[in-house]
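Structural characterization, general
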Amino acid sequence: QMSHYEACLGASQSGDAPATKIGILDAHCDPFDICQQAIARVQDGPHPCVIEAENLCGDLHVCQAPRYLFFIMMELLHNSARATCVAAGPEEQQLKARPIKVTVCANDVQVVIRVSDRG
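Below, the structure is looked at part by part. (Residues numbered from 1 in each chain as written. Predicted model: local features only at pLDDT ≥ 70, side-chain atom pairs only at ≥ 80, totals over all residues. Heavy atoms only, no water.)

1. Some remarks on the sheet that holds strand S4 (residues 62-64)
The sheet built from three strands is open, its strands ordered S1-S2-S4 with antiparallel pairing. At either margin of the open sheet sits one strand with a lone partner, and together these are strand S1 (21-22) and S4. Looking at chain direction, S1 and strand S2 (residues 25-29) are connected through two bridges and run antiparallel. In the strand pairing of S2, Ile22 is matched with Leu25. (Pairing = 2+ DSSP bridges. Helix = DSSP H or I, 4+ residues; strand = E, 2+ residues; numbered from the N terminus.)

The structure is reproduced here in structure tokens:
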């Protein structure tokens, strides 16, 4: 709504909030950092597994809602971890041989986050 927009705009102009934040959006959201936060949370969850993260682009910032990107990544990684644990069985060596891989890359137009597993 307009009042929310005006409040956000006024806060960013007065110095009360960082200039990168516009409501729920962060103009300098780091998707690789968000992925690493989700990875840390999933690895401590009910389906322990090996998750490898790779950033092919180096320093990357996009305008995004970090909270929603985090929840999406949490759900994808949780599903992948569950499938990997079921496929690997109780043996820890099998689990280590099936790492979940998260890759972040981008060009001038789009950002791609790939989650791959062998579950």
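Still more ground to cover, so stick around.
2. Regarding the packing of helix H2 (residues 31-43) against helix H3 (residues 66-88)
One can describe the packing of H2 onto H3 by two numbers: an axis separation of 9 Å at closest approach and a directional angle of 45°. It follows that H2 is oblique to H3 by the angle criterion. As H2 runs across H3, the sense of the crossing is right-handed. Touching Pro31, Ile34, Cys35, Gln37, Ala38, Ile39, Arg41 and Val42 of H2 are Pro66, Leu69, Phe70, Met73, Met74, Leu77, His78 and Ala81, all from H3. Among the residues forming the contact of H2 with H3, the class breakdown is 13 nonpolar, two polar and one charged. (Axes fitted to C-alpha atoms, helices over the stretch in contact; angles between N-to-C directions. Parallel < 35°, antiparallel > 145°, perpendicular 65-115°, else oblique. Left-handed = near helix turned anticlockwise from the far one by under 90°. Contact = heavy atoms within 4.5 Å. Nonpolar A, V, L, I, M, F, W, Y, C, P; charged D, E, K, R; others polar.)

3. Observations regarding H2
With 13 residues, H2 should cover 18 Å at 1.5 Å per step; its first-to-last C-alpha distance of 18 Å lies within 8% of that length. In this fold, the buried residues of H2 make contact with S2, strand S3 (51-55), S4, H3, strand S5 (100-106) and strand S6 (111-116). Capping the start of H2, Asp30 holds a side-chain oxygen 3.1 Å from the backbone nitrogen of Phe32, two or three residues further along. (Expected span 1.5 Å × (residues − 1). Polar contact = N/O pair within 3.5 Å; in protein donor to acceptor, adjacent residues only side chain to side chain.)

4. Some details on a nonpolar patch on the surface
A surface patch of nonpolar side chains, amounting to about 670 Å² of accessible area, comprises Ile22, Ile24, Leu25, Tyr68, Phe71, Ile72 and Leu76. Considering each element in turn, the nonpolar patch owes the most residues, four residues, to H3. Note that Leu76 resides in helix H3. (Patch = residues over 30% accessible without salt bridge, like charges linked within 9 Å, V, L, I, M, F, W, Y side chains within 5 Å. Areas by Shrake-Rupley, 256 points an atom, 1.4 Å probe, with all protein chains shown as cover. Salt bridge = Lys/Arg side-chain N within 4 Å of Asp/Glu carboxyl O.)

These results come straight from atomic positions and should not be treated as a statement about function.
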